[in-house]
Each structure stands twice: as C-alpha cells, then as structure tokens.
Amino acid sequence: MRITVDGKSGGLRVRMRFEQQRNRWLAVRIILGVLAFQGAIVGLWAVFAPHSWYTSFPGFGMQWISADGPYNHHLASDVGSFFLALTAVTLAALFLGGSALAQVAGLGWLVFGVPHLIYHVSHKPAEMGAGSFTLSIAGAVLIAVLGLALILITPRGPQLRDPDPITFRLPRRRTPR
C-alpha cells in the first residue's frame, strides 16, 4: 500500500493506493483485451462474411483455411459463432472484473487452443507455404499460451479498489486583533 499526503489550502488530503497485485491485474487486462479483439475480428468476419473468411483468412495475402479443404458455409458460420461466444465471455471478464471470470475466460481459450494447436502442428496442407505454416503455428501457440497465462497469473480473490481520498480540514488560525 502506498500513502500520499498533499497539503491543500486549509487541510491535508490523504490518498491510499493498493499496490498489491497491480501489475498482475494489468497483465490480465491486457491479455483479455488481446484475446477479445482477435476473437471479435475472427468471429465477426466468419459470421457475416463466411466465404470471404474461408478464402482470405488471416488476410495479408495468406489463405490458411481454403488450403485445408472445401468451403462449408455451416462450418464457417459455426466457427464464427464460437469465436463470438468466447469473445463475449472474455469481454465479461474484462469489464466486470474478478478473478473467477478471468480464469474461466482463460480456461475457455486454453480448451480451444490446445486441440487447435495439436491440429496445426500435426497437419500441414500441401498448398500452404512454410512461412504461412509457421505463422499459423505461432498464432495457435499464442491462443493456448494466453489462455494458460490467464489461469496462472490472475490474482486470487477480489480485486481491491483504491479507497476515495480523505481530506482533513485544519482549523484556521485566528489572527489577534
């Protein structure tokens, strides 16, 4: 805990800041934000433009999905819906706060990420170049690692908010007449 005292006209202002776990909570928020952002991009793209997602994912001239089999509208839409569901849980953890929600979001990404990584490591489409394949593995590793990190680094217990500052008014000196 850090306590600061500021002299104000007519009094003192005392502020307490809980430094406990501050950096870990910051890391948790950053990880939740990264996962929510990428989940929303993939999910919205696959739900609202499934054929474009199939032919162009992840973008930047690479085509990871179309290299792996024929287009299936139902499957593409389901994948998008799945990403949006994980994004919703992740956003709830980000905005509502709390250890349990952050860890549940991490568990969801980990449960998705590990089988996804195993598939990518054990299956390289013939049409996919080495650079694209390496990036797809890196993306799959990142999802699993970030999910695991949320489970491991989220502090246990409630996140303590800093209390409001307290102002102490000092009696004014009376000047002799």
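Figured I'd write up the structure that's included with this text. Quick caveat, the model's predicted, so the values are computed rather than measured.

**As for the packing of helix H4 (residues 99-122) against helix H5 (residues 130-153)**
In the contact formed by H4 and H5, the axes pass within 7 Å of each other and the chain directions differ by 155°. By the angle class used here, H4 and H5 are roughly antiparallel. Note that H4 runs across H5; the crossing there is left-handed. Considering only residue class, the contact of H4 with H5 consists of 18 nonpolar, 7 polar and no charged.

**Points about a nonpolar patch on the surface**
Where nonpolar side chains cluster on the molecular surface, the patch consists of Ile3, Val5, Leu12, Met16, Ile166, Phe168 and Leu170 and spans about 620 Å² of accessible area. Where the nonpolar patch is concerned, the elements lending two or more residues are strand S1 (2-8), strand S2 (11-17) and strand S5 (166-169). With respect to the element layout, Ile3 can be found in strand S1.

**Details of the layout of surface pockets**
Empty space within the largest pocket amounts to approximately 1,100 Å³. As for the largest pocket, its lining consists of 40 residues, and the residues nearest its centre are Trp53, Phe57, Ile65, His116 and His120. When residues of the lining of the largest pocket are traced back to their parent elements, those giving at least two are helix H1 (22-48), helix H2 (50-56), helix H3 (73-96), H4 and H5. Looking at the lining of the largest pocket residue by residue, the class counts come to 31 nonpolar, 8 polar and 1 charged.

What counts, and where the lines are drawn
Residues numbered from 1 in each chain as written. Predicted model: local features only at pLDDT ≥ 70, side-chain atom pairs only at ≥ 80, totals over all residues. Heavy atoms only, no water. Axes fitted to C-alpha atoms, helices over the stretch in contact; angles between N-to-C directions. Helix = DSSP H or I, 4+ residues; strand = E, 2+ residues; numbered from the N terminus. Parallel < 35°, antiparallel > 145°, perpendicular 65-115°, else oblique. Left-handed = near helix turned anticlockwise from the far one by under 90°. Nonpolar A, V, L, I, M, F, W, Y, C, P; charged D, E, K, R; others polar. Patch = residues over 30% accessible without salt bridge, like charges linked within 9 Å, V, L, I, M, F, W, Y side chains within 5 Å. Areas by Shrake-Rupley, 256 points an atom, 1.4 Å probe, with all protein chains shown as cover. Salt bridge = Lys/Arg side-chain N within 4 Å of Asp/Glu carboxyl O. 1 Å grid on protein atoms, 1.4 Å probe; cavity = no way out; pocket = protein on both sides within 12 Å on 5 of 7 lines; lining within 4 Å. Points joined across faces, edges and corners; volume = space filled by probe spheres on them.

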